[in-house]
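A look at the structure
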Amino acid sequence: MATVTIQDIQAAVPVSTRTIRNWISKGLLPRPQLVSKGYKSGVLGIYAESVINTAQLLYATRCLPLADRKDIIKKNKRSMYSYIMEDDGSITLKIGIKN
């Protein structure tokens, strides 16, 4: 399984580290697995690669209330969605639920 860091998430979604940590604290993203790699801080947080898709979905739905966003993330496991990142940074999102 491929893993990513918080910097990889930031590269895919135009948000700050603080926003990503906020999503984690609210239960919208999973907590990272901490691994020791000899880093100055002692540990490195790694995430499953699928977290990038979830972060992109969170960014695309940022104008919705928190409860709705949690519901979308929960349904995401059985939903199909697509999004288009526009040149101006906006995202067009389409969501369909699998039967």
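The structure we're discussing is the one just above.
The present account deals with the structure reproduced in this document.

1. Quick notes on the overall build of the protein chain
Helices and strands together make up the secondary structure of the protein chain, namely 4 helices and 5 strands. Listed N to C, the secondary structure of the protein chain is β-α-α-β-β-α-α-β-β in terms of helices and strands. Out of the 99 residues belonging to the protein chain, those deemed buried represent 32%. Counted over contacts in the protein chain with a minimum sequence separation of 6, partners at least 24 positions apart contribute 45%. Just so you have it, the protein chain exposes about 6700 Å², and 51% of that area is on carbon and sulfur atoms.

2. Description of the nonpolar core
Counting 19 residues, the largest nonpolar core has Ile9, Ile20, Trp23, Leu29 and Tyr47 as the members making the most contacts within it. Listing elements by their share of this core, those giving two or more residues are helix H1 (6-12), helix H2 (17-25), helix H3 (50-60) and helix H4 (66-75). With 6 residues, the single largest contributor to this core is H3. Residues within four places of Leu29 in sequence aside, it is in contact with Ile20, Trp23, Ile24, Val51, Thr54, Ala55 and Leu58.

3. Things to note about the sheet that holds strand E1 (residues 3-4)
Spatially, 3 strands are ordered E1-E3-E2 in an open sheet, and the strand pairing comes out antiparallel. The two strands at the open ends of the sheet, each matched to only one other strand, are E1 and strand E2 (33-35). One ladder, built from 2 bridges, connects E1 with strand E3 (residues 44-48); its direction is antiparallel. Note that in E3 the partner of Val4 across the bridge is Tyr47.

Thresholds applied
Residues numbered from 1 in each chain as written. Predicted model: local features only at pLDDT ≥ 70, side-chain atom pairs only at ≥ 80, totals over all residues. Heavy atoms only, no water. Helix = DSSP H or I, 4+ residues; strand = E, 2+ residues; numbered from the N terminus. Buried < 20%, exposed > 50% of the residue type's maximum accessible area, 1.4 Å probe, protein only. Contact = heavy atoms within 4.5 Å. Areas by Shrake-Rupley, 256 points an atom, 1.4 Å probe, with all protein chains shown as cover. Core = buried A, V, L, I, M, F, W, Y, C linked by side-chain atoms within 4.5 Å. Pairing = 2+ DSSP bridges.

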